[in-house]
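Structure at a glance
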Amino acid sequence: MDKPSLSKTQRWVVKIGSALLTAGGKGLDVEAIANWTAQMAELRQRGIELVLVSSGAVAEGMTRLGWSQRPSSLHDLQAAAAVGQMGLVQAYESCFKQYDIHTAQILLGHDDISARDRYLNARGTIARLLELGVVPVVNENDTVVTDEIRFGDNDTLGALVANLIDADLLVILTDQQGLFASDPRANPDAELISFAHANDASLDAMASGGSGALGRGGMLTKVRAARLAARSGTHTVIAGGALKNVLVDLVSDKVQGTLLVAEQAPLAARKQWLAGQSQMCGSLQLDDGAVAMLRSSGKSLLPVGVAAISGNFDRGDFVVCVDAKGVAVARGIVNYSAAEAQKIIGKGSAAMQGALGYQGDVELIHRDNLVLV
Ligand SMILES: Nc1ncnc2c1ncn2[C@@H]1O[C@H](COP(=O)(O)OP(=O)(O)O)[C@@H](O)[C@H]1O
Ligand SMILES: N[C@@H](CCC(=O)OP(=O)(O)O)C(=O)O
């Protein structure tokens, strides 16, 4: 297996864990946050789009509330998270401000990723923030989640965010230098794994040592996150957050930690996932021009190229695109419900707002959500 070069990666999710952020439970490590921020500002200058997934709300809330032991009651945990989240976003906002970079707070729950209309909204909003040069700071929406539906650890959330935005790279910063052949807290001589395939099943046994006192998932959730990220073609680096230049060095392929490689590139992975969907909720009948355009140019499908629709689909559902004879041409995720689509088909972009009563997406199906059949 060849080692991929990270120098051309363009969209990163950086996940910073509780164990690192809170200096072993002594409050937010502001110096460390300033250091990561400086590195991320440099990465932004080099044109890399960044989404930060930051843990630490519960740990910081505990410090602010004077609690020395992690509470077990759900509402205590949620209260601590709500208090601590303020500290987290304040810290990032003031550090990034020194580099004239805006931050944005995004709190996500399970439904925001699994419900298709919310998924499209989260994806669209994050993409827009990245275009605007903003660094979104993501955490789980701890205040409202229940045990059954919480991600729990932010490694999983980081991977889901990487899937959501088709990131090229997920960087998981933690308190160890990477994945070791066994837990270095129990076995100080364990060897650092520098490079492996994300789907290598032997990694699970190495990572089974549990988490530290403040972290949630330990190394196992990081390995599983790498596997999840690989589904959207995202490579993962697990590295020690305290190491000098750990983020910036990645651009020159200096990986100070463990690189877990995905097999496919993000767009190819997304197209394969789209092609594998079989449950279609409706169909769009395209005019000849739109059929030719889709086949030749790979552009997005605009409402103007659709002659008729059938089925009772919602925003975020899968639909099949057919030609005038009913032959399938493409399939994809539609941006409008059937009722809304009915109002805008055949219309140019300028007329859409009048027909809908609001300004929505200009595409009926975005090119990234469309695959030819
Ligand atoms: N094979 C391993 N290699 C490295 N660390 C491991 C391994 N197995 C278990 N761990 C533990 O995982 C911990 C990091 O996970 P965690 O405490 O959840 O931190 P974070 O808050 O950064 O997610 C390390 O402190 C380490 O003790
Ligand atoms: N949402 C939680 C994060 C949970 C957590 O600690 O995750 P992790 O850092 O991955 O072990 C918080 O901000 O406290």
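Residues numbered from 1 in each chain as written. Chains lettered and ligands numbered in written order. Predicted model: local features only at pLDDT ≥ 70, side-chain atom pairs only at ≥ 80, totals over all residues.

The protein chain is annotated in an unreviewed UniProt entry as Glutamate 5-kinase of Dasania phycosphaerae. The UniProt entry for the protein chain carries the following text under Function (unreviewed entry): "Catalyzes the transfer of a phosphate group to glutamate to form L-glutamate 5-phosphate." (UniProt positions renumbered as here; feature names shortened; annotations may be inferred.)

1. A closer look at the domain arrangement of the protein chain
Domain boundaries in the protein chain define domain 1 (11-271) and domain 2 (277-372). Each partner contributes residues to the interface: domain 1 has six residues there, and domain 2 has seven residues. Within the residue set of the side of domain 1 that touches domain 2, elements represented by two or more residues are α6 (116-131) and α11 (266-275). Among the elements that take part in the side of domain 1 that touches domain 2, α6 stands out by supplying four residues, more than any other. Among the residues making up the side of domain 1 that touches domain 2, the classes are represented as two nonpolar, no polar and four charged. (Domains from an automatic or database assignment. Contact = placed C-beta atoms within 7 Å. Helix = DSSP H or I, 4+ residues; strand = E, 2+ residues; numbered from the N terminus. Nonpolar A, V, L, I, M, F, W, Y, C, P; charged D, E, K, R; others polar.)

2. Describing the nonpolar core
One recurring pattern in soluble globular proteins: nonpolar side chains tend to sit buried together. By size, the foremost hydrophobic cluster in this structure holds 74 residues, and its most contacted members are Val 14, Val 161, Leu 170 and Val 171. Excluding residues within four positions of it along the chain, Leu 170 makes contact with Val 13, Lys 15, Gly 158, Ala 159, Ala 162, Ala 225, Ala 229, Thr 234 and Thr 236. Leu 286, Val 329, Val 334 and Ala 341 belong to the second-largest nonpolar core, a separate cluster that totals 26 residues. (Core = buried A, V, L, I, M, F, W, Y, C linked by C-beta atoms within 7 Å. Buried ≥ 20, exposed ≤ 12 C-beta atoms within 10 Å, placed from the backbone.)

3. Considering the packing of helix α3 (residues 57-65) against helix α4 (residues 74-97)
Look at α3 against α4: their axes get within 6 Å of each other, and the N-to-C directions meet at 95°. Here α3 lies roughly perpendicular to α4, going by the angle between them. Counting all contacts with α3, which are made through Ala 57, Val 58, Ala 59, Glu 60, Gly 61, Met 62, Arg 64 and Leu 65, the residues of α4 involved are Leu 77, Ala 80, Ala 81, Ala 82, Val 83, Gly 84, Gln 85, Gly 87 and Leu 88. Residues belonging to the contact of α3 with α4 are distributed by class as follows: 11 nonpolar, four polar and two charged. (Axes fitted to C-alpha atoms, helices over the stretch in contact; angles between N-to-C directions. Parallel < 35°, antiparallel > 145°, perpendicular 65-115°, else oblique.)

4. Considering the environment of Ser 278
Locating Ser 278 in the fold gives a position in the loop between α11 and β9 (283-286). Residues Ser 278 and Met 206 lie 72 residues apart in sequence; the distance between their C-alpha atoms is 37 Å.

5. So, the environment of Gly 354
Structurally, Gly 354 is set in helix α14 (residues 349-356). Distance in space between the C-alpha atoms of Gly 354 and Ser 182 is 62 Å, their sequence separation being 172 residues.

6. Things to note about the UniProt feature "binding site: ATP" (unreviewed entry) in the protein chain
The positions UniProt marks with the feature "binding site: ATP" (unreviewed entry) are Lys 15, Thr 174 and Asp 175. Separation in sequence by 161 residues is not matched in space for these annotated residues, since their most distant C-alpha atoms are only 12.1 Å apart. The residues touching Thr 174, leaving out its near neighbours within four places in the chain, are Gly 17, Ala 19, Leu 20, Ile 238, Gly 240 and Gly 241.

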